[in-house]
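# Coordinates in review
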Amino acid sequence: LHEVPDWPTFYESYIRKNVPVVIRGAAQSLPAYAKWTDEYLKQHWGKKPISAELNKSETRGGPTVQMSFGQFLDEIYTEQRDGQLYAIVDFDGDAKAKADIRLPASIMCEEILSQSV
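Residues numbered from 1 in each chain as written. Predicted model: local features only at pLDDT ≥ 70, side-chain atom pairs only at ≥ 80, totals over all residues. Heavy atoms only, no water.

### Some words on the packing of aromatic side chains
Aromatic ring pairs are defined here through the distance separating the ring centres and the angle between the ring planes. Stated formally: Here the aromatic set is Phe, Tyr and Trp, taking the six-membered ring for Trp, and pairing holds for ring centres within 6.5 Å; pairs whose planes are under 30 degrees apart are stacked, those over 60 apart are edge-to-face, and all others are tilted. Remark: exposure states derive from per-residue accessible area (1.4 Å probe, protein chains only) relative to the maximum for the residue type, with buried under 20%, exposed over 50%, and partly exposed in between.
Per the stated rule, a full pass over the model turns up nine aromatic pairs. Residues Y40 and W45 carry aromatic rings whose centres are separated by 6.1 Å and whose planes lie at 70° to one another, so their mutual orientation is edge-to-face. As far as the burial class goes, Y40 and W45 line up, both buried. Ring geometry for F69 against F72: centres 6.3 Å apart, planes inclined by 20°, an arrangement best described as stacked.

### Section: the nonpolar core
As a reminder, the rule being used: As used in this record, nonpolar core signifies buried Ala, Val, Leu, Ile, Met, Phe, Trp, Tyr and Cys residues forming a set joined through side-chain atoms within 4.5 Å.
By size, the foremost hydrophobic cluster in this structure holds 13 residues, and its most contacted members are W45, I50, M67, F69, F72 and F91. Counting residues in hydrophobic clusters, the runner-up holds five residues, among them F10, Y14, I23 and A26.

### Brief notes about the pattern of salt bridges
Here is the rule: For salt bridges, the criterion is a side-chain nitrogen of Lys or Arg within 4 Å of an Asp or Glu carboxyl oxygen. What counts as a helix is a DSSP run of H or I of at least four residues, what counts as a strand is a run of E of at least two, and both are numbered from the N terminus.
On inspection of all chains with the given rule, the structure shows five salt bridges. Among the salt bridges present, the one from D100 reaches K35, with a minimum N-O distance of 2.9 Å. Here D100 is found in helix 5 (residues 95-100), whereas its partner K35 is found in helix 2 (residues 31-35), with 65 residues between them in sequence. The exposure class assigned to D100 is buried, which follows from its relative accessible area of 3%. Here the salt bridges do not stand alone but share partners, grouping E39, K42 and D74 into one network.

Keep in mind that these numbers describe shape and distance, not what the molecule does.
Structure, rendered in structure tokens:
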């Protein structure tokens, strides 16, 4: 899809029928899309401790390094770390982060929200 459908359409066409859906361009409407530059992330969450994997893939269980999120953002672009760093940064429970990732109304229903955020 190229736009978020209204709730009745979304529910009948996708939820009720258990049909996966990709809504192209929907992220562009989120505040985070424009706000979350590296500098913004460092300013607000740069001191947040994270565990970065030393293998840029989703293969779990490999070697990791502990660092701040700000250090991760600085190092991920360096030549020495090319292809190395991978991290999933947990923003659960962070009201500021969640405010920047407001989901479209039709996705905010309890059936979807509990599986999405």
